[in-house]
Amino acid sequence: MVTRSVPRLVVAAPSSGSGKTTVATGLMAAFAARGLAVSPHKVGPDYIDPGYHALATGRVGRNLDAYLCGPELVAPLFLHGARGCDIAVVEGVMGLYDGAAGEGELASTAQVAKLLRAPVVLVVDASSQSRSVAALVHGFASFDPQVRIGGVILNKVASDRHEELLREALDSSGVPVLGALRRVAQVDTPSRHLGLVPVAERQAAAVGAVAEMAAQVERGCDLEALLGLARGAGTLPDAAWEPPVTAAPRREVVAVAGGSAFTFSYAEHTELLTAAGAEVVTFDPLRDERLPEGTAGLVVGGGFPEVYAQELSANEPLRRAVAELALSGAPVAAECAGLLYLCRELDGQPMCGVLDATARMSDRLTLGYRDAVAVGDSVLAQAGTRMRGHEFHRTVVEPGAGAAPAWGVRAPVRRVEGFVQRGVHASYLHTHWASRPGVARRFVERCRTS
């Protein structure tokens, strides 16, 4: 077994809203500004933070999700993404010990830190406390002896005097203070119904936001100490993940939707499609009136079509091309936003009309991990194939399933969902194909035979 050593840090917090994204993204950008090759990672299924990480580092942001991919793939996927880098920064999710509901530590930042044998930097919102910070840090540091809290970064510190009180309180904790960030106006990272606005929708403003995060970290953190902590992480007894390569006589063109309306994707999906013999070509449904030349298959992932419903509807030539491709029986894989785009209409705006269903915005947030099983054969999976997925949307599709559903879902209630018809597989579930590499291979094979 190949041993790998990559300097690494996990940035975590006691709870959401403590400043993880600011510190993690700022650290990535600050290290990159020093000439280091920085590998950016995000715990959990979130697609948006990795976009900001990519801006900070110049490398694709990657997710580490022990629920979607299984704990056994966390370190190999990490090493795959971190290959050739000087340091890796992993941004956590929620609170340090929060994971999949009812599953103990599964998919928590703490579990990922243990799987990576990485020190944790705890970002603490100190805005309403002084001496109590020591009790909080002690509790997090002692809760699980296998989780190593290597340092604390104090966030939202009010003044020099406030910082002095906080440092005095932590002197006896055994956990060093590696930074203190002043309470300042929030960095311009606007949010809406599903979290931060993706980088692709605000490129220039996002560049400025990342620069400000880096400046805050440069001013308030001991970068040398943090780098030293990362270099002490040691080795991992794992081999890097590699997408299985399939020899093919020719490369089939697989069109992948991108642009501002379809920003949710995992980097490994493109890598798996390429390894399976596809030529992956990205197109923008907001701007491109035709599918890429020679398109044999189509992948439409997640994003925010509800924000761009009018513009997507106005691109009638592309909607017609998508419908014709689907009608021909070519493989089409659609997740969440892709599902909405294939419906007859979205909030009253005509969409592609591939599915006999309508979609609309809802006040209710649907969020959570799902255990799923393929109800029947499709371009992605054989009947009975089990996968884990994640739902995250504020929309409703009616009906929620076709005559041939895509998945049987166990939680939160037993139900079927999604649509399988001809070569189309459309569902609300976001899945990570690295957990089932055969999905990409099957899809590309169907591109050759359809």
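The rules we used
Residues numbered from 1 in each chain as written. Predicted model: local features only at pLDDT ≥ 70, side-chain atom pairs only at ≥ 80, totals over all residues. Heavy atoms only, no water. Salt bridge = Lys/Arg side-chain N within 4 Å of Asp/Glu carboxyl O. Helix = DSSP H or I, 4+ residues; strand = E, 2+ residues; numbered from the N terminus. Buried < 20%, exposed > 50% of the residue type's maximum accessible area, 1.4 Å probe, protein only. Pairing = 2+ DSSP bridges. 1 Å grid on protein atoms, 1.4 Å probe; cavity = no way out; pocket = protein on both sides within 12 Å on 5 of 7 lines; lining within 4 Å. Points joined across faces, edges and corners; volume = space filled by probe spheres on them. Nonpolar A, V, L, I, M, F, W, Y, C, P; charged D, E, K, R; others polar.

> Tell me about the pattern of salt bridges, and name the residues and values.
Considering all chains together, one arrives at 23 salt bridges under this definition. Salt-bridge contacts for Glu 271 lead to Arg 62; the nearest nitrogen and oxygen are separated by 2.6 Å. A residue pair is termed long-range when its members are at least 10 positions apart, and Glu 271 in helix H9 (residues 267-275) and Arg 62 in strand S3 (residues 62-64) qualify at 209 residues. What makes Glu 271 partly exposed here is its relative accessible area of 22%. Residue Glu 391 pairs with Arg 415 through a salt bridge whose shortest N-O separation is 2.5 Å. With a gap of 24 residues between them, Glu 391 in strand S17 (residues 386-398) and Arg 415 in strand S19 (residues 415-417) connect regions that are remote in the sequence. Its relative accessible area of 3% is what places Glu 391 among the buried residues. On the basis of relative accessible area, Arg 415 is assigned to the partly exposed category, the value being 28%. Residues joined in a network through salt bridges with shared partners are Asp 160, Glu 163, Arg 167 and Arg 182.

> Explain the pairing of strand S16 (residues 358-374) to me, and be specific about the residues and the numbers.
Where strand S14 (residues 345-346) lies against S16, 2 bridges are found, and the strand directions are parallel. Bridged to Leu 346 within S16 is Ala 359. Pairing of S16 with S17 involves 12 bridges; the strand directions are antiparallel. Within S17, the position partnered with Gly 368 by the bridge is Glu 391. Taken together, the 3 bridges between S16 and strand S18 (residues 407-409) define a ladder with antiparallel strand orientation. Across the sheet, residue Ala 372 finds its bridge partner in S18, namely Val 409.

> Can you explain empty space enclosed by the protein? Please cite residues and give values.
According to the stated counting rule, one finds 3 cavities of 30 Å³ or more in the structure shown. Roughly 50 Å³ of volume is contained in the largest cavity. Glu 335, Leu 380, Met 387, Trp 407, His 425, Ser 427, Leu 429, Thr 431, Trp 433 and Val 439 are the residues that line the largest cavity. Its residues assigned to classes, the lining of the largest cavity shows 6 nonpolar, 3 polar and 1 charged.

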